Amino acid sequence: MKVLVKRTLLYYIHKYPLAEKGLLLWAEAFTKHDFHNFNEVKGIFGNASIVGNNRVIFNIKGNDFRLIVSVNFLQKAGYIIWFGTHNEYDKIDAQSVDFDKNIQQFKFD
């Protein structure tokens, strides 16, 4: 699977430095597989859960952080929609949360 817009991953690593290792481990594992359906994702990421709009929720760094990825199984790609702490996740609707447009203006050091 491909992770589309890797800039998003880098943005969240910059925003949440404590999650860097967990996010990189997730990306490495995600890109090593060609998932055909959610059950295959669940086989690798046992704590993953699916919500509407083909979105999959991943636990990162134990259960400290949550990652929402829109997965397109036909195109073998995942698009990172949202990332944040468990507490921040509890305040959003995972099915409808929008991509963080601040990422587009973010300047990397």
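Bear in mind that the values here come from a model prediction, so they are computed numbers and not experimental data. In this convention, every chain numbers its residues from 1, walking through the sequence in written order. Totals for whole chains, interfaces and linings use all residues, but because this is a predicted model, local features are given only for residues with pLDDT of at least 70 and pairs of side-chain atoms are given and counted only at 80 or more. Side-chain numbers come from the whole structure's heavy atoms, not from hydrogens or water.

1. Topic: helix α1 (residues 6-15)
An α-helix turns once every 3.6 residues. As a result, residues three or four positions apart point the same way. Convention followed: Buried means the residue's accessible area, taken with a 1.4 Å probe over protein chains only, is under 20% of the maximum for its type, while exposed means over 50%, and partly exposed covers the values in between. Segments assigned H or I by DSSP are reported as helices when at least four residues long, segments assigned E as strands when at least two residues long, and all are numbered from the N terminus. A contact between two residues is defined here by any heavy atoms of the two lying within 4.5 Å.
Those residues of α1 that sit buried are Thr-8, Leu-9, Tyr-11, Tyr-12 and Ile-13. Turning to α1, the residues buried within the fold contact α2 (20-31), β5 (77-85) and α5 (102-105).

2. What about the side chain of Asp-100?
Formally: This count recognises Lys and Arg as positive and Asp and Glu as negative, with His and chain-terminal groups excluded. Just to be clear on terms, a salt bridge is a Lys or Arg side-chain nitrogen sitting within 4 Å of an Asp or Glu carboxyl oxygen.
Within the fold, Asp-100 resides in the loop between α4 (86-89) and α5. Buried and without a salt bridge, Asp-100 has Lys-15 as its closest oppositely charged side chain, separated by 4.3 Å. Ignoring anything within four residues of it in the chain, the contact list for Asp-100 reads Tyr-11, Tyr-12, Lys-15 and Ile-81.

3. Some words on the pattern of salt bridges
Scanning the model with the defined rule gives two salt bridges in all. A salt bridge links Glu-28 to Lys-32; the shortest N-O distance between them is 3.4 Å. Take Glu-28: its relative accessible area is 42%, and that puts it in the partly exposed class. In this structure, Asp-64 engages Lys-61 in a salt bridge whose closest nitrogen and oxygen atoms are separated by 3.2 Å. Residue classification places Asp-64 among the partly exposed positions, given a relative accessible area of 40%.

4. Some points on the sheet that holds strand β3 (residues 55-60)
To keep it simple, the criterion reads: At least two DSSP bridges between two strands are required for those strands to pair. What counts as an axis is a line fitted to C-alpha atoms, over the stretch in contact for a helix, and the angles between N-to-C directions run from 0 to 180 degrees.
The five strands lie next to each other as β1-β5-β4-β3-β2, forming an open sheet whose pairing is mixed. The sheet terminates laterally at β1 (2-4) and β2 (49-51), the two strands that pair on one side only. Each neighbouring strand pair of the sheet contributes to a mean axis angle of 35°, computed without reference to strand direction. As judged from the three bridges shared by β2 and β3, these two strands associate in the antiparallel manner. The partner of Ile-50 across the bridge, within β3, is Val-56. Of the strands in this sheet, β1 and β5 touch α1, which is tilted by about 15° from β5.

5. With respect to the packing of aromatic side chains
Each aromatic ring pair is characterised by the separation of its centres together with the angle its planes make. For clarity, the cut-off: Between the rings of Phe, Tyr and Trp (Trp by its six-membered ring), a pair exists once the centres lie within 6.5 Å; its type follows the angle of the planes, with under 30 degrees stacked, over 60 edge-to-face, and the other angles tilted.
Inspection of every chain in the model, using the stated rule, returns 13 aromatic pairs. Centroid distance Trp-26 to Phe-30: 4.8 Å. Interplanar angle 20°. Geometry classified as stacked. Of this pair, Trp-26 and Phe-30 are both found in helix α2, four residues apart, which corresponds to roughly one turn of the helix. For Trp-26, a relative accessible area of 3% gives the class buried.

6. Details of the pairing of strand β4 (residues 65-72)
Along β4, six of the eight residues are buried, which leaves the element largely enclosed by surrounding structure. With six bridges joining them, β3 and β4 adopt antiparallel strand pairing. Residue Ile-60 lies in a different strand from β4, and its bridge partner there is Phe-65. Counted between consecutive antiparallel strands, the loop separating β3 from β4 contains four residues, among which Lys-61 sits at a positive phi close to 55°. Strand direction decides the pairing type here: β4 and β5, joined by eight bridges, are antiparallel. Paired with Ser-70 across the strands is Tyr-79, a residue of β5. Counting the residues in the hairpin turn of β4 and β5 gives four residues, including Lys-76, whose phi is positive at 55°.

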